[in-house]
Amino acid sequence: MKFKNRVIAVAVVVFIVLLGFNKNAYAYLDPGTGSYFLQILIAGLLAGSYLFKNLWRKLFSKISCFFKKLFKKNA
Amino acid sequence: MRKPVLGSFRDPSGTVYFEDGVLYRQVNLCYKENYDYFYSCGLYDKLVSFGLLLPHIEVKNGGEYPIYKVIKPELIKFISYPYEWCFSQIKDAALVTLKIQKLALDYGMTIKDASAYNIQFVKGKPVLIDILSFKKYQIGKPWNAYKQFCQHFLAPLVLISYIDPRLKKLSRVFLDGIPIDLCKRVLPFYRYINPGLFLHIYLQAKFQTRYADGIGEKAAVRGKFSLNSFKGLIESLESLINKLRWIPRDSNWIGYYSDSESYNLDAIHHKEKVVKEFLEKADPKNVWDFGANIGLFSGVASNKGINTISFDADPACVELNYVNTVKQKEINILPLVLDLTNPSPNIGWENEERMSLLARGPVELVMALALIHHLAISNNLPFDKIASFFSKVCKWLIIEFVPKEDEMVKRMLAIRDDIFGDYSQEYFEREFIKYFAIVESVKINNSKRILYLMKKRGAV
């Protein structure tokens, strides 16, 4: 009985591990390992660059609005 | 009877087919969740309203397994391929793809592939035609389509911009886009001072080689790619592509009509008038203009509302033609690069995925203006072969005969032996009437050239 339970336990573990290797049904395109890894590696740089540009755009927009109002008042 | 579109088999989400001459797209059950979300979240409506996605209508729910739905896309008048596009067409198609990806992220979706074959030019603008490209965005996952985007769009743009426009033809050889490592090898090292090129060409190529055998489960699982990283990637590609430029230089053909000794202004105006009259007589629904140069006479057809494909072998002429159509918001002309002596063949799996030029015909009318001497003299093609080809392609033909006395022909024969004893108007007519009836012929004012309107024998 002990042996039988052990066999069942191993089979269940193997089954669960194999489940983990199921690929996403929609990943029909091969992303390329190198390209995939490059994105992960530079993720921080890309996010930082995006946030910085966004911040700068918002700041620039606010400064432009401020000067536009200022020139309108003076005019 | 159902007839599958031969290039539509790689995506298990669905397939495209013809039934009784009408084009349909089958959506499969495995795509149900993404399809329903795509509509319910509002992304479909947004993309169609911006003119970025080809509209579809639902025609059938369910059916034989694995059908979930059947939808009917708007019909595209002419299918073109990325290897036939000029620089600016590839650039506009690339920017549209990135714009769609950016919008999709705002709705919690992403595009699972970034193939240039998913884009077609409709009314002068690039649009996405593959509605099954969208899937729900998975937080933390990098862009699956990044490599494909770079191969299909970035690599050809970089090669045209920095090396030579003829390298774009590699897109025809490499069906899934020009390999990044090949692009890296060709680009001079000093170009990598550009951070975008360094990242998306040099580093990506290095990483592809280094990690060709995989990166291991741990690295793949641990690696995170936030939404901001994703948006940063798209913006980085957008910024790089926006800055890429190609100014056509060293083309012998751009100034053809202004610099030519064969035409003066009076001759050009008369030719335009005659072409217009011939078009009115033939009344075609569509036109192919071979050797169109910068599209001067394609414009005569398009101004009459006729759908016109404007072919030329010179990438510079096609570039100028396309830039002008965009400026004028022209919706009836599609300029394409095509060498008539070596036109696009059937390629892909079983040579059936991408159609040859002939397979995309026939067309109602072909214009072959200022072309016959290039085919017959520069390319040693007998008149019979030329006439036979045109008879396979069109019902009506407007063709210009350029005699040996013409300045251009004299220039062609100046440094070579004149082996063209049969090159004469009489022989030209004798060979062409085997395939066509000559409806009318007009000599162009102040020129030695003659315009013909011909109709294919036996055509209704």
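Okay, so let's go over this structure. (Residues numbered from 1 in each chain as written. Chains lettered and ligands numbered in written order. Predicted model: local features only at pLDDT ≥ 70, side-chain atom pairs only at ≥ 80, totals over all residues. Heavy atoms only, no water.)

Describing the side chain of S356 of chain B
Within the secondary structure, S356 of chain B is located in the loop between β12 (333-337) and β13 (363-368). Within the structure, the side chain of S356 of chain B is placed 3.1 Å from the backbone nitrogen of A359 of chain B, a separation counted as a polar contact. (Helix = DSSP H or I, 4+ residues; strand = E, 2+ residues; numbered from the N terminus. Polar contact = N/O pair within 3.5 Å; in protein donor to acceptor, adjacent residues only side chain to side chain.)

A short note on the interface of chain B and chain A
Buried accessible area, meaning the area lost when the parts come together, often serves as the stated size of an interface. Each partner contributes to the interface: chain B provides 41 residues, whereas chain A provides 26 residues. For the pairing of chain B and chain A, the buried interface totals around 3,100 Å² over both sides, and the portion due to carbon and sulfur atoms is 65%. Of all residues in chain B, N144, F207 and E235 of chain B give up the largest surface area on contact with chain A, accounting jointly for 18% of the area buried on that side. The tally of links between chain B and chain A comes to 1 salt bridge. Between R57 of chain A and E235 of chain B there is a salt bridge, and its shortest N-O distance comes to 2.9 Å. For the pair chain B and chain A, the number of links is 5 residue pairs in polar contact (both at pLDDT 80 or more). (Contact = heavy atoms within 4.5 Å. Buried area = accessible area lost by both parts, 1.4 Å probe. Salt bridge = Lys/Arg side-chain N within 4 Å of Asp/Glu carboxyl O.)

Let's talk about the pairing of β12 of chain B
Residue and element names in this part refer to chain B. Among the 5 residues of β12, 5 are classified as buried, and the element is accordingly described as predominantly covered. Note: strand β11 (residues 307-312) against β12, 5 bridges, orientation parallel. When the bridges of β12 are listed, F311 appears paired with L336. Assessed by its sense of winding, the connection that carries the chain from β11 through helix α13 (residues 315-327) to β12 is right-handed. (Buried < 20%, exposed > 50% of the residue type's maximum accessible area, 1.4 Å probe, protein only. Pairing = 2+ DSSP bridges. Right-handed = clockwise from strand over helix to strand, strands pointing away.)

Here we look at the pattern of salt bridges
Residue and element names in this part refer to chain B. Counted under the stated rule, the structure contains 23 salt bridges over all chains. Notably, a salt bridge pairs E33 with K136, separated by 3.0 Å at the nearest N-O pair. Of this pair, E33 sits in helix α1 (residues 32-40) while K136 sits in strand β9 (residues 134-136), and the two are 103 residues apart along the sequence. Of the residues examined, K136 reaches a relative accessible area of 32% and is grouped as partly exposed. Several salt bridges share partner residues, and in doing so they unite K271, E400, D406 and R449 into one network.

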